[in-house]
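Examining the three-dimensional arrangement
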Amino acid sequence: MRLIATLITAIAISAAAYGQRCDSALVLNNTWAFRIGQTKIFDQYLSPQQYTGMGYALAATHAMYYPKTDYRVSWSVYETLQYANTINASMSAAIMYVGLEIGFGSYYHWRPVKNLTFQAGGALEASGGVKYQSRNVNNPGSGDIALTLLAAGKARYDIPLKPLTISLQYDLTTPLIGCMFIPEWGQSYFEIYEHMKESLPDVVKFSSFHNRTGVDGHFKVDLIFSGFTLRAGFVHENNWWHGNGLHFYCHNIFGEIGTVVDLQMLCGRKALKRTPVLL
């Protein structure tokens, strides 16, 4: 619990620190990427079977160092929109899935040797998704809603070449605590809405290691040229959760292509020389 309290405090303090003025030029690091691969869904509220199919995602990340931290502490905001069309093993039904994740995190940067950077921190993530089953049943739809505090670690190694720099990075996140929405077995969403006051204590669950686990990894290779950066990557996301006697999971394996654009953000009255520091 002491580690969790430290992460929450660090995120809150660093968010407040961003509002302070600085006297140097900062760089806003923007990433946009397209992902495609395989998605596996298990939703016991909808079906006792696993559904597998193609998944697609659009991901954006915006990151910057906090002022007056000597390039040691950064923040990032990320958004991921995902769509998947899956089918069960017997090919008797399909589930369409649309999901959205939005998060804010802060990270401490440690550079033990030249060109090698380690990052450690946490992120607060809000996520939601909608699933629709093609079968004609009483409850064809299901929703996922969660607010989660994540622990995160990153490792990055830069290989300077001519005329470019190759950067290798691996990110890893796992859920710590939060809350999530899980309907009861056989309960319709109309019933939940009609009896909202009585239903909320049963469908909103505290989440932690006992009922929500997962590991999300992201390996990426950046080709950094003088005027632009190209990115290729591999994403694996494995998440399990349960409540009210129902079990769920969502597994993604994606390939990724994208680009990274740095924008100079000026603090103070005068524009200073840009410091080429990449997150």
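First, a word on what this report is: a plain description of the structure on this page. (Residues numbered from 1 in each chain as written. Predicted model: local features only at pLDDT ≥ 70, side-chain atom pairs only at ≥ 80, totals over all residues. Heavy atoms only, no water.)

Some points on the environment of Asn30
Note that Asn30 resides in strand β1 (residues 25–43). Along the chain, Asn30 and Thr259 lie 229 residues apart, while their C-alpha atoms are 8.4 Å from each other. The contact partners of Asn30, leaving out residues within four places of it in the chain, are Thr61, His62, Thr259, Val260, Val261 and Leu263. Among the polar contacts made by the side chain of Asn30, one reaches the main-chain carbonyl oxygen of Leu28 at a distance of 3.2 Å. (Helix = DSSP H or I, 4+ residues; strand = E, 2+ residues; numbered from the N terminus. Contact = heavy atoms within 4.5 Å. Polar contact = N/O pair within 3.5 Å; in protein donor to acceptor, adjacent residues only side chain to side chain.)

Some remarks on the nonpolar core
Grouped together as the largest cluster of nonpolar side chains are 15 residues, with contacts concentrated most on Tyr45, Met180, Ile182, Trp241 and Phe248. Mapped by element, the contributors of at least two residues to this core are β4 (94–113) and β11 (246–266). For this core, the element with the most residues is β11, which contributes three residues. Setting aside its immediate chain neighbours within four residues, Tyr45 contacts Asn139, Gly141, Ser142, Pro183, Glu184, Gly186, Gln187, Ser188, Tyr189, Leu246 and Phe248. (Core = buried A, V, L, I, M, F, W, Y, C linked by side-chain atoms within 4.5 Å. Buried < 20%, exposed > 50% of the residue type's maximum accessible area, 1.4 Å probe, protein only.)

Notes on the pairing of strand β3 (residues 73–88)
Pairing of strand β2 (residues 50–65) with β3 involves 15 bridges; the strand directions are antiparallel. Across the sheet, the residue bridging to Tyr56 is Tyr83, located in β3. Two strands pair when backbone bridges link them, and β3 and β4 are joined in this way by 15 bridges, in the antiparallel orientation. Bridging from a neighbouring strand, Asn85 pairs with Met96 of β4. Counted along the chain from β3 to the antiparallel partner β4, the turn is five residues long, and its residue Met91 has a positive phi close to 55°. (Pairing = 2+ DSSP bridges.)

Observations concerning unusual backbone geometry
The amide bond that connects Lys162 to the next residue, Pro163, takes the cis arrangement and shows omega of 10°. Positive phi is not limited to glycine here, since Lys68 has a value of about 60°. Within the secondary structure layout, Lys68 lies in the loop between β2 and β3. Judged by relative accessible area, which is 65%, Lys68 ranks as exposed. Phi at Tyr71 takes a positive value of approximately 60°, unusual for a residue other than glycine. Here Tyr71 is to be found in the loop between β2 and β3. Note on Tyr71: relative accessible area 23%, which makes it partly exposed.

Here's the deal with the side chain of Lys220
Along the chain, Lys220 turns up in strand β9 (residues 212–224). Relative accessible area serves as the criterion here: at 9%, Lys220 is assigned to the buried category. Within the structure, Lys220 has its side chain in polar contact with the side chain of Asp171 (distance 2.8 Å). Not counting the four nearest positions on each side in its chain, Lys220 is found in contact with Ser167, Leu168, Gln169, Asp171, Arg231, Ala232 and Gly233.

Considering the pairing of strand β7 (residues 165–181)
By the bridge criterion, 16 bridges tie strand β6 (residues 141–160) to β7 in an arrangement that is antiparallel. The partner of Arg156 across the bridge, within β7, is Gln169. Connecting β6 to the next strand, β7, in antiparallel fashion are four residues. Pairing geometry for β7 and β9, over nine bridges, is antiparallel.

A word on the pattern of salt bridges
Taken as a whole and assessed by the stated rule, the structure comprises eight salt bridges. Residue Arg35 pairs with Glu256 through a salt bridge whose shortest N-O separation is 2.9 Å. Of this pair, Arg35 sits in strand β1 while Glu256 is found in strand β11, placing the two residues 221 residues apart along the sequence. The two residues Arg35 and Glu256 agree in class, both being buried. Across the salt bridge formed by Asp222 and Arg156, the nearest N and O atoms sit 3.9 Å from each other. Within this pair, whereas Asp222 is found in strand β9, its partner Arg156 is found in strand β6, the two being separated by 66 residues in sequence. Accessibility expressed as a relative area gives 3% for Asp222, which makes it buried. (Salt bridge = Lys/Arg side-chain N within 4 Å of Asp/Glu carboxyl O.)

All we've got here are geometric facts, nothing functional implied.
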